[in-house]
Every structure is written in C-alpha cells, then in structure tokens.
Amino acid sequence: EEEDTAEAEKDTAATETAAVSVPKHEKDFYPYILIGAGTASFAAMEAIREKDPSAAILIIGNENIEPYMRPPLSKEMWFNKSEETTEKLSFKDWQGKERNIVLQGKEKIESLDQETLEKIESAESGVKLLTGVTVSDLNVAEQTITLNSGKVLKYGKVLLATGGVPKTLPVLAGAGEGKVTTFRSVEDFKKLHALVKSADKRIVIVGGGFLGSELAVAISHYGKDKNVKVTQVFPEDGNMGLVFPRYLSKWTTSQVEQEGVVVKANSRVASTKAVGDQVELTLENGEKVVADHVVVAVGIEANVDLAKKAGLELDEIRGGVVVNAELLARRNVYCAGDMTSFHDVALGRRRVEHYDNAILGGRVAGQNMASDTLHKTYKHQSMFWSDLGPHIGYEAVGILDSKLSTVSIWTKKPTAASADSSADKKDESATESAVEKEGKRERATATPLPAEAVKVEDKEKYNKGLVLYLKDKKIVGLLMWNNFGKVDDARKILGQVYDTEKVEALVKPFGIHEE
Ligand code: FAD
Ligand code: NAD
Ligand code: NAD
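Colleague: Provide a residue-level description of the overall build of the protein, including the pertinent values.
Modeller: Assigned secondary structure in the protein consists of 13 helices and 31 strands. When contacts within the protein are restricted to residue pairs at least 6 apart in sequence, long-range pairs at least 24 apart make up 66% of them. Accessible surface, the protein as shown: approximately 22700 Å² in total, 49% of it carbon and sulfur.

Pasting the structure below:
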C-alpha cells in the first residue's frame, strides 16, 4: 500500500487544518452527519475520528440496530451449531472464531432517541446513533437534513450511505400475503430462519446471483435434518451465470446441487397463485413448483430516494449517485457504499455492491470529510468474496462480468468435458485452461462437449485456479478460486495489458502450480 502510505503522510499534515469551516456550538448543528447506519457509514465514522479525534458525529439509520455486517446473514449464520449462537447474532468465522454481526471498532457508539436528540444544546465530541429514523430530505444549499418526524438538523459535512433496496418481480404478486419476501436485513434473516426452523418447509429462491446462490446452499445445509427442500429458479445457464465464465457457472451449479438444492436454470416464473397455505409457481416451461415460502433475490436498486429529491446527479446506466474519484457529490456532500457511482481512476465509472467497497469507500469519504485540504482519491481496489458449499470459496478484484473474455488457469489439467464446456464463443478459457501441476502450460485441444457433461465426481478439477477477465486487451478483473490471500497480487495486475506469452510470469504469484 505504498500510495496509501504516502497519502497518509499528507493526511497527517492536513489534520492540523482539518477543522470544518462552519458554526460550532449551535443547537441542531452537527459537523458530521452520516445517513444510513450501515457498513459504509461505520467505516466513515472510524476514519473521521482517526483524523479528527474530537469530532462530533451523528449517524442516522432506519433499521433498529447498530451498524452490522450483512455477509454472514446468507452464509455463516446458517452454519451455526447452536441456536443460542444464532439468537445472539453471532457466528463462527472461517478461522473458527466466534464473532457478532454487529460491527466492533475502537469508537464507542452512543444510542440516542429523538427525545434525547431534542435536548442536546450543542453537539459534543463523540459518536451518536439514531436508529429507527428515516432521513426524508436533504437540502444541499442550506446544509440541512429533515428527519421523518419533521425535525431539521444542520450539517458541516454529510455522507449519504443509504445502500440498496432489493428488487422484486411483479409476477410474484399473486402469491398471497407475506409468502414472498426479499432478503437484506437482520430482520429478514430472523423471519426466514424461524420459518425454516419449523421443519418440512419447501423454500423457493428466485435468482441465481450472489444472494440467491449463497442462500440456497446455506438454507439447504441448515435444513438437511429438518426435511427442508430448497428449489432455486433463475434465467441463466448456471449459478452465478452473470459473473463466472459459462463452464465454471455450470460446474458451480453441480456443486450447489450436491448441497441438496434443486436448481432450475434457464427458468423464469410465469405465474403464481396461492393454494391453501402454500404458493404454486408455474415456470415458463409449464412446470409447477409448490412452496411454503418464496425468497426473491433478483438484485438491488441503489437507494437514491433522498438524493433524487435533493437534486443530486444520478447515474442513469448503473444506478446510484454520481460522485467524483474523491467520493464527492456536491460541496460538503459525500457518498459511499452500494448507492455510489464513483469514478474509478483505473477502471472507469463503476458502482460496486460489495462489503469491502463499503469499508474502503467509507474510509476515503470519511478522511476527505474530516479535512478541507486532503482530497484523497478512492483508488485502492476493493475485493469481494463468497463461499458456496464445502468446495467453493473465492476472492476477487475488479470487474467480473461473464460477458467479458476470460482466461482460466487451473492446478489440474481439466478433463475433456470441463475444458471444453468453456469454449463458449466469448470465453477464451479453452485456449489457456490447462496448466499442468509441474507448471508446464498446455493448450486444450479437445473438441467442445456440452457443458452438461461436467461430472460432479471431477471435484478436484476446479479445486484451485485463477480466472482473468479481459476488456480491450487489459486485465480488468481477477477471480481467485479456492486461493486465498492473493488479493494484493491481483491488485498489482489489474489494469495491465494481457499478453499470452507472459501469462506464466503473470500468474506465478498465485501459486497455482505449487500443489
Ligand atoms: P447498507 O449496509 O445497506 O446500509 C445502508 C443503511 O442505510 C441501511 O441500514 C438502510 O436501512 C439505511 N437507510 C437507507 N435510507 C435511509 C434513510 N433515508 N434514512 C435512514 N437510514 C437509511 N458483500 C461481500 O463483499 N461479500 C459478501 O459475502 C456479502 N454478503 C452479503 C450477504 C447479504 C445477505 C447481503 C444483503 C449483502 C451481502 N454483501 C456482501 C453486500 C454487502 O453487504 C453490501 O455491499 C454492504 O452492506 C453495503 O454497505 P452500505 O453501507 O452501502 O449499505
Ligand atoms: P445479483 O445482482 O447478484 O443477482 C441478480 C440475479 O437476479 C441474477 O443472477 C438473476 O439470476 C436474477 N434475476 C434477474 N431477473 C430475474 C428473473 N426475472 N427471474 C429470476 N431471476 C432473475 O443480486 P442478488 O443476488 O439479489 O444480491 C443482492 C445484493 O446483495 C447484491 O448487491 C449483491 O452484490 C449482494 N450480495 C453480495 C454477496 C457477496 O458479495 N458474496 C453475497 C450476497 C449478496
Ligand atoms: P471481515 O468482515 O473481517 O472482512 C472482510 C473483508 O473486508 C476483509 O477481507 C477486508 O478486505 C475488508 N475489511 C474489513 N474490515 C476492514 C477495515 N476496517 N479496513 C479495511 N478493510 C476491511 O471478514 P473475515 O472474518 O475476514 O471473513 C471474510 C474473509 O475471509 C474474506 O476475505 C474471505 O475471502 C476470507 N476467507 C478466507 C479463507 C481462507 O481459507 N484463508 C476461507 C474463507 C474465507
């Protein structure tokens, strides 16, 4: 992190002049207001306090809980061995350490209610949190926000970190009251967990992306001894079909099926109706699936309600609020996390819906908010990760889009079936997919076979590898498959021109041949 260290030095110099040029000790004035009590706000709050240790910060969130991490809600929380662990919202992380989903840091967060807020004469040093409160208006010119109670507060700097709102499908409307739910919050987790716990449930998950795939595996695992059946329905060829190259998406599906999930790929729901206490879904091919409950996981929309009303510039293509590389939307208005369309100086304009982006972006926004002179660029590439059952875990950086050309390198030489299913028209995997254990690269030459030929027994086939995503001959994304701790190496390669002749040297740091 050389660049960051250099900037950190500059940052220290800037701390002296960090004071925000706005009136202090005025009633209802807060030098820093963070809207949305999620991951990005939490990270921003920590960064502000690091730079401006006496900062008075007000965080406002409309959930009834302190900032927490969502990732365990679709993974670890369903793998807890005891229900008590789950009840206190704890989980075992991958190292076996018990943790709580509530974010822990150095700062003490003091909970407030609106009555107490009313009595504050002048904001004092420290972090205050208002939960269960929605901010309904932002006035950029006046530097004020309005709470849903009508209360107006003034800010020095404000952060919008309002996250995203899950989408749903109109076709699911006929299912009956409460039978179809989205999944984003800890409340959603509690409800679904309670339902699945009561045994014999038929759960249908609509969507084959990050959330649908993780939840399908997690619920199926949790429900194994409770006679719970999970069916997953989505339009792509395989799980994570918009992200992984086709052959890998297909293979991932075989692994999700191994976990007990009935996967209906290439399927869409055509209609739904309530039948007794259940829901009957008819798929476009006429097939009927009965469910006690349907979870829709078909993506999110950046939550820009507040920003739109405030007249901030919106990204019509990607969704989200348009900010520059310093995460600044307008004077004294910053954005971070899922709802932010930012200028990535290496990869161009992007909106990223992952945890590490919320942490790293939140930090940069916080650092810039705490200084009138810093103007730090958000250029440290965020990572993301996922687990799908016992044989799949990955980390990634950059743009992972299955529409891009890809080059894949695997420890083992894939058998004909797997190498060739990758010979999708836009997928270059077949040309580079086979890397022998000794490190000798070999070109796959066999004739393409249908991807269905991928056999579940070939577990080791995709045990460890690397997928490069290419755009305009440049490497714009890296997927490290069952290969952890290589994110920094991946960051170094991101943006480089891809050269077939130099691929061996390029992938050396990833240790793919070393097992
Ligand atoms: P959020 O965490 O959504 O926080 C925004 C908060 O603002 C919310 O609490 C919202 O209610 C509140 N809010 C919105 N509008 C207002 C308003 N007007 N007034 C007051 N409050 C408001 N990413 C990964 O990289 N890896 C994973 O494994 C992973 N797993 C995930 C699992 C699940 C189940 C989900 C849902 C997401 C997962 N993600 C994962 C994505 C990651 O959690 C998000 O990218 C991250 O939470 C984004 O943080 P944020 O601060 O932008 O938004
Ligand atoms: P997503 O964008 O990852 O997936 C969207 C999916 O919706 C597509 O893969 C597709 O299968 C499905 N879809 C779209 N239209 C459909 C239709 N008509 N019928 C059936 N399916 C349809 O979003 P998600 O999986 O819903 O996840 C929600 C959010 O949570 C995202 O922001 C995601 O990044 C985040 N999340 C991230 C992780 C992680 O990083 N490991 C894990 C869970 C959730
Ligand atoms: P975490 O919530 O502590 O961190 C998740 C990621 O967010 C980190 O990798 C980091 O990049 C980022 N992050 C978190 N807090 C940060 C901060 N204050 N500043 C900057 N970045 C921050 O989750 P975790 O307990 O580390 O578990 C998830 C991680 O574990 C993922 O990275 C996953 O790939 C990894 N994992 C590793 C293995 C393995 O075998 N080595 C297995 C499973 C998962």
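Next comes the rest of the account.
Colleague: Quick one: what's the story with the site of ligand 3, residue by residue and with numbers?
Modeller: What surrounds ligand 3 is the set W94, R99, Y355, D356, I359, L360, M383, W385, E395 and F484. The contact in question runs from an oxygen atom of ligand 3 to an N or O atom on the side chain of W94, over 2.7 Å. Within the side chain of R99, a nitrogen or oxygen atom sits 2.3 Å from an oxygen atom of ligand 3. Starting from 790 Å² of accessible surface for ligand 3 in isolation, the protein chains cover 66%. Ranked by the residues each element gives to the shell around ligand 3, the list is headed by helix α9 (residues 355-369), at four residues. Split into classes, the residues belonging to the shell around ligand 3 amount to seven nonpolar, no polar and three charged.

Colleague: Can you explain the site of ligand 1? Please cite residues and give values.
Modeller: By nearness alone, 31 residues border ligand 1, and N62, E63, K75, R184 and D338 come closest of all. The side chain of R70 places a nitrogen or oxygen atom 3.0 Å from an oxygen atom of ligand 1. Taken by itself ligand 1 offers 990 Å² of open surface, and the protein chains cover 93% of this. Listed by contribution, the elements that provide at least two residues to the shell around ligand 1 are α2 (39-51), α9 and β25 (383-387). Considered class by class, the residues forming the shell around ligand 1 number 13 nonpolar, 12 polar and six charged.

Colleague: If you had to explain unusual backbone geometry to someone new, which residues and values would you point to?
Modeller: Located in the positive-phi region is D28, a residue other than glycine, with phi close to 65°. In this fold, D28 is placed in the loop between α1 (2-15) and β1 (29-35). Even without being a glycine, N482 presents a positive backbone phi close to 50°. The topology assignment puts N482 in the loop between β31 (474-481) and α12 (487-493).

Colleague: Give a description of the pattern of salt bridges that names residues and reports values.
Modeller: A full pass over the atoms with the stated rule returns 27 salt bridges. For R363, the salt bridge is made with E50, and the minimal N-O distance between the two is 2.8 Å. Here E50 lies in helix α2 and R363 lies in helix α9, a separation of 313 residues in the sequence. Judged by its relative accessible area of 44%, E50 falls in the partly exposed class. Connected through salt bridges with shared partners, the residues D28, E118 and K151 form a single ionic network.

Colleague: Got a sec to walk through the confidence of the model for the protein? Specific residues and values, please.
Modeller: Should pLDDT be low for a region, the predicted coordinates there are not to be read in detail. Scored by pLDDT, the protein comes out at a mean of 88, with 85% of its residues at no less than 70. Note on residues 5-20: pLDDT is under 50 here. Beyond four places in sequence and across chains, it has 22 contacts. Taken as a whole, residues 414-457 scores under 50 in pLDDT and shows 98 contacts with residues more than four places along the chain or in a different chain. Here the predicted complex carries an ipTM of 0.90, next to a pTM of 0.89.

Colleague: Describe in detail the environment of N239, supporting the description with residues and values.
Modeller: With respect to the helices and strands, N239 occurs in the loop between β13 (229-233) and α7 (246-258). In this structure, N239 is in contact with G208, S213, Q232, F234, F244, S249, T252, T253, V256 and V263, ignoring residues within four places of it in sequence. Within the structure, the side chain of N239 is placed 2.9 Å from the side chain of Q232, a separation counted as a polar contact.

Colleague: Break down the sheet that holds strand β23 (residues 340-344) for me, citing the residues and quoting the values.
Modeller: The mixed open sheet is built from three strands, whose spatial order is β20-β23-β24. Among the strands making up the open sheet, the edge pair consists of β20 (321-322) and β24 (348-351). In the sheet, β20 pairs with β23 via two bridges, with the strands oriented parallel. Across the sheet, residue V321 finds its bridge partner in β23, namely T340.

Colleague: I'd love a proper account of the pairing of β25, names of residues and values included.
Modeller: As paired elements, β25 and strand β26 (residues 393-398) share five bridges and run antiparallel to each other. Residue pairing across strands places F384 opposite A396, the latter belonging to β26. Hairpin connection of β25 to β26: five residues between the antiparallel strands, including G389 at a positive phi of 80°.

What counts and what doesn't
- Residue indices begin from 1 for each chain and proceed along its sequence in written order.
- Working convention: letters from A go to chains and numbers from 1 go to ligands, in the order in which they are written.
- This being a predicted model, a pLDDT of at least 70 is required before a residue's local features are given, and a value of 80 or more before pairs of side-chain atoms are given or counted; all residues contribute to the totals for chains, interfaces and linings.
- By convention in this description, side-chain values take in all heavy atoms of the structure and omit both hydrogens and water.
- Only DSSP runs of H or I reaching four residues or more are called helices, and only runs of E reaching two or more are called strands; each is numbered from the N terminus.
- Contacts: residue pairs with any heavy atoms within 4.5 Å of one another.
- Reported accessibility uses the Shrake-Rupley method at a 1.4 Å probe radius. Residues are deemed covered only where the shown protein chains occlude them.
- What makes a residue near a molecule or strand is one non-hydrogen atom of that residue sitting within 4 Å of it.
- A 3.5 Å cut-off defines polar contacts: any pair of N or O atoms within that distance qualifies, except that in protein one atom must be a possible hydrogen donor and the other a possible acceptor, and neighbouring residues in sequence count only when both atoms are side-chain atoms.
- Asp, Glu, Lys and Arg are counted as charged, while Ala, Val, Leu, Ile, Met, Phe, Trp, Tyr, Cys and Pro are counted as nonpolar; the rest, among them Gly, fall into the polar class.
- For this document, the term salt bridge refers to a Lys or Arg side-chain nitrogen within 4 Å of an Asp or Glu carboxyl oxygen.
- Each residue's exposure class comes from its accessible area (1.4 Å probe, protein chains only) as a fraction of the maximum for that residue type: buried when under 20%, exposed when over 50%, partly exposed otherwise.
- Residue-level confidence of the predictor is summarised by pLDDT, bounded by 0 at the bottom and 100 at the top.
- Only strands joined by at least two bridges in the DSSP assignment are considered to pair.

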